[in-house]
Amino acid sequence: MASKTTPKGTKTAQDRRDRLEAAQRQQAAARRKRTLVLSAAAAVVVVAAVVGIVLGVTQGSKASKGGTPTAATGPSGGIVVAGKADAPVTLDLYEDFACPVCKAFEGTAGQTIQQAIDAGTVKEVFHPLTFVSENQGSDYSARTANTFACAAQAGEPVKYINTLFTRQPAEGSASNYPPTSTVVSEVQQAGVSGPSFASCAMSAPYAGWVTRVGEEASKRGVTGTPTVFLNGQKFDIAPVVMQGGSPATLKAAIDAAAGAKK
Amino acid sequence: MGSSASRAAVAPQGASSPTTGGTSTAVPPGSDRPEWHAVQPWLSLLARLVIGGVFLYAGATKVGHVDQVVRAVRAFQVLPEALVHPVGYALPYLEVALGALVLLGLATRWVAVAVALLVVVYMAAIASASLRGLRIDCGCFSTGGELAANAPTHYLRDLARDALFLGVACFLAVRPRSPLSLDGLLAVPSVLYDDQPDDDED
């Protein structure tokens with residue numbers, strides 16, 4: 001701008017300097033305003049991130065408390081639902097009570113697993129996960145995971161699992177999922193009793209444990225349900241749960257794992 | 001000779017809008033068109049509503065589900081474990097903040113650049129998950145991370161949607177001036193936007 005010559009040649013040098021200074025002042029003010037606006041926006045973004053981290057850490061420490069059911073193998077461990085303690089094969093099963101594929105897996109592979117348990121080959125450790133209903137805006141998965149721990153404390157984890165998968169609500173919307181009281185009465189009809197089962201189910205004392213089980217599963221690389229580990233090795237469930245699938249590969253993998261132990 | 005050379009120079013612009021070619025309205029958008037100056041601010045406002053709404057919604061569905069966001073971040077298997085928690089905690093609030101700033105229209109150009117960068121990061125993460133054969137839910141709008149076995153992964157759909165958002169954010173970064181914005185209300189100087197009307201050449 002300053003390099004452009006003015007149309008009138010009669011302007012004095014003082015005149016030109018004044019106009020230049022005014023333009024510079026204006027530009028400096030504009031720059032200050034821009035800096036201010038940019039700083040304000042950047043501050044909003046940074047403050048939001050910091051607030052998120054602080055809230056997350058606070059909530060994380062809450063989850064690290066929360067009672068662990070005595071039936072669990074550890075503060076973030078699953079619950080041994082069946083099998084001899086010294087069985088050669090540990091089958092870690094990660095399932096969500098709202099997950100239809102888990103229901104299909106139980107239907108196809110349940111008998112094979114039960115036979116291996118009866119033969120003393122397999123010990124089944126169940127890890128309840130909670131994402132399926134959450135993705136539909138319901139906490140059904142988390143509630144039923146907590147109630148699973150209550151049923152295990154009452155000594156009836158297998159009856160609970162079978163009942164929950166038999167009466168599984170259809171996926172689709174949050175309103176499909178029944179309240180905990182309905183689940184409790186159905187499970188009680190199936191024979192899960194014990195003096196404190198119902199009150200345990202309603203008060204959700206194991207919510208922290210459920211969160212930790214999910215966290216542990218995530219760290220182990222579990223990104224879907226059902227997920228099966230045989231003695232720590234991930235088992236490919238696809239041939240079992242696909243349309244017209246069969247438990248043959250699972251049976252073979254269990255036998256192989258048992259053979260490797262001997 | 002000279003006339004054929006100038007024709008060749010014009011041809012690519014005509015080719016960019018083949019559907020309207022031939023009529024007198026098929027002039028490429030530019031500062032020499034008053035209609036464009038009238039329409040552009042409203043297009044930018046629309047872009048703000050789209051980006052702001054999408055980011056507010058995406059962030060709001062994640063706030064309060066920090067555990068799942070952390071797991072979704074971890075499921076991509078990109079970040080070291082030490083960074084998974086802080087990133088997972090910060091992301092929902094970051095999205096809400098960016099969405100709110102875009103809706104309010106404060107520092108629009110630079111917020112739009114930040115949005116575009118974030119979307120690029122998301123796209124890179126999804127593409128890399130797809131290339132590594134991971135089977136995860138991107139957690140873009142839901143809490144995500146985990147995926148029921150047999151459930152489809154939707155990587156292409158997610159990438160296409162993010163590409164659309166990226167385009168809208170880039171448009172907003174190039175043309176941030178729009179009505180009903182804090183930038184306009186505060187008369188934030190045009191230095192913020194380098195597209196001063198007079199040298200607004202494409």
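Residues numbered from 1 in each chain as written. Chains lettered and ligands numbered in written order. Predicted model: local features only at pLDDT ≥ 70, side-chain atom pairs only at ≥ 80, totals over all residues. Heavy atoms only, no water.

**Description of the interface of chain A and chain B**
Listed as interface residues are 37 residues of chain A and, on the opposing side, 40 residues of chain B. A per-residue breakdown of the area chain A buries against chain B is headed by R34, V37 and T223 of chain A, which together make up 17% of the total. One can count two salt bridges joining chain A with chain B. For the salt bridge of E215 of chain A with R71 of chain B, the shortest nitrogen-to-oxygen distance reads 3.8 Å. Seen at the junction of chain A and chain B, the total is eight residue pairs in polar contact (both at pLDDT 80 or more). Those elements that place two or more of their residues in the side of chain A that touches chain B are α1 (13-64), α3 (131-134) and α8 (207-219) of chain A. Class assignment for the residues of the side of chain A that touches chain B results in 20 nonpolar, 12 polar and five charged. (Contact = heavy atoms within 4.5 Å. Buried area = accessible area lost by both parts, 1.4 Å probe. Salt bridge = Lys/Arg side-chain N within 4 Å of Asp/Glu carboxyl O. Polar contact = N/O pair within 3.5 Å; in protein donor to acceptor, adjacent residues only side chain to side chain. Helix = DSSP H or I, 4+ residues; strand = E, 2+ residues; numbered from the N terminus. Nonpolar A, V, L, I, M, F, W, Y, C, P; charged D, E, K, R; others polar.)

**A short note on the pattern of salt bridges**
Pairs can form between side chains of opposite charge once their charged atoms are near each other. Under the definition given, this model contains 12 salt bridges over all chains. Taking the shortest distance from any N to any O, the salt bridge between E215 of chain A and R74 of chain B comes out at 2.8 Å. Here E215 of chain A, found in helix α8, pairs with R74 of chain B, found in helix α3 (residues 66-75), and the two come from separate chains. Take E215 of chain A: its relative accessible area is 13%, and that puts it in the buried class. For R74 of chain B, a relative accessible area of 8% corresponds to the buried category. For E81 of chain B, the salt bridge is made with R74 of chain B, and the minimal N-O distance between the two is 2.8 Å. Relative accessible area serves as the criterion here: at 37%, E81 of chain B is assigned to the partly exposed category. If you follow the salt bridges from partner to partner, you end up with E215 of chain A together with R71, R74 and E81 of chain B in one network. (Buried < 20%, exposed > 50% of the residue type's maximum accessible area, 1.4 Å probe, protein only.)

**So, the sheet that holds strand β1 (residues 79-82) of chain A**
Residue and element names in this part refer to chain A. Here we have five strands laid out as an open sheet, ordered β1-β3-β2-β4-β5, and mixed in their pairing. Each edge of the open sheet carries a strand with a single partner, namely β1 and β5 (233-235). Recorded for the sheet is a direction-independent mean angle of 30° between the axes of neighbouring strands. Pairing of β1 with strand β3 (residues 122-128), which is carried by three bridges, proceeds in the antiparallel orientation. Bridged to I79 within β3 is F126. Sheet contacts for helix α10 (residues 248-261): β2 (89-95), β3, β4 (227-230) and β5; angle to β2, the most-contacted strand, approximately 140°. (Pairing = 2+ DSSP bridges. Axes fitted to C-alpha atoms, helices over the stretch in contact; angles between N-to-C directions.)

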